[in-house]
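Coordinate analysis (summary)
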Amino acid sequence: DDAAFLMFRIADIYLHKHQYDEGKDVLEQVVGNFPGTRHSANAKHKINEIEQAQFKELQAQRSSQEPAA
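Residues numbered from 1 in each chain as written. Predicted model: local features only at pLDDT ≥ 70, side-chain atom pairs only at ≥ 80, totals over all residues. Heavy atoms only, no water.

Okay, the pattern of salt bridges next. Applying the stated criterion across every chain, the model contains 3 salt bridges. Of the charged contacts in the structure, one is a salt bridge between Arg9 and Asp12, with a shortest N-O distance of 3.2 Å. Residue Arg9 and its partner Asp12 are both found in helix 1 (residues 2-16); the two are separated by 3 residues, about one turn of the helix. Taking the relative accessible area as the measure of exposure, Arg9 reaches 42% and is therefore partly exposed. Judged by relative accessible area, Asp12 falls into the partly exposed class, the value being 29%. (Salt bridge = Lys/Arg side-chain N within 4 Å of Asp/Glu carboxyl O. Helix = DSSP H or I, 4+ residues; strand = E, 2+ residues; numbered from the N terminus. Buried < 20%, exposed > 50% of the residue type's maximum accessible area, 1.4 Å probe, protein only.)

Per-residue confidence for the chain gives a mean pLDDT of 93, with 97% of residues at or over 70. Here helix 3 (residues 38-65) stands out as the element of the chain with the lowest mean pLDDT, 93, in contrast to helix 2 (residues 20-33), whose mean of 97 is the highest. (pLDDT = per-residue confidence, 0-100.)

In this structure, Met7, Phe8, Ala11, Leu15, Tyr20, Val26, Leu27, Val30, Ala43, Ile47 and Ile50 together form the largest nonpolar core, which totals 11 residues. Elements with a contribution of two residues or more to this core: helix 1, helix 2 and helix 3. Beyond its immediate stretch of four places on either side in the chain, Ile47 contacts Lys24, Leu27, Glu28 and Val31. (Core = buried A, V, L, I, M, F, W, Y, C linked by side-chain atoms within 4.5 Å. Contact = heavy atoms within 4.5 Å.)

On the surface, a cluster of negative charge is contributed by Asp21, Glu22, Asp25 and Glu28. Mapped onto the fold, Asp21 is located in helix 2. According to the relative accessible area criterion, Asp21 is partly exposed, its value standing at 49%. (Patch = residues over 30% accessible without salt bridge, like charges linked within 9 Å, V, L, I, M, F, W, Y side chains within 5 Å. Areas by Shrake-Rupley, 256 points an atom, 1.4 Å probe, with all protein chains shown as cover. Lys, Arg positive; Asp, Glu negative; His and termini not counted. Charge placed at Lys NZ, Arg CZ, Asp CG, Glu CD.)

Below is the structure:
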């Protein structure tokens, strides 16, 4: 439990710094190191949230770069 807690905290630090890929890497390590546990399920959920946020951010960037008609 302590190791998973620390890994989540490390991932949170990366995410706070907008280093999404690094944060996802740490969360994927949680999934691999603690398969079938609540830690793994929580990490998968957090990865999904990050990917959704990245997608929305990318869409916003693209729409702001489109020339006005």
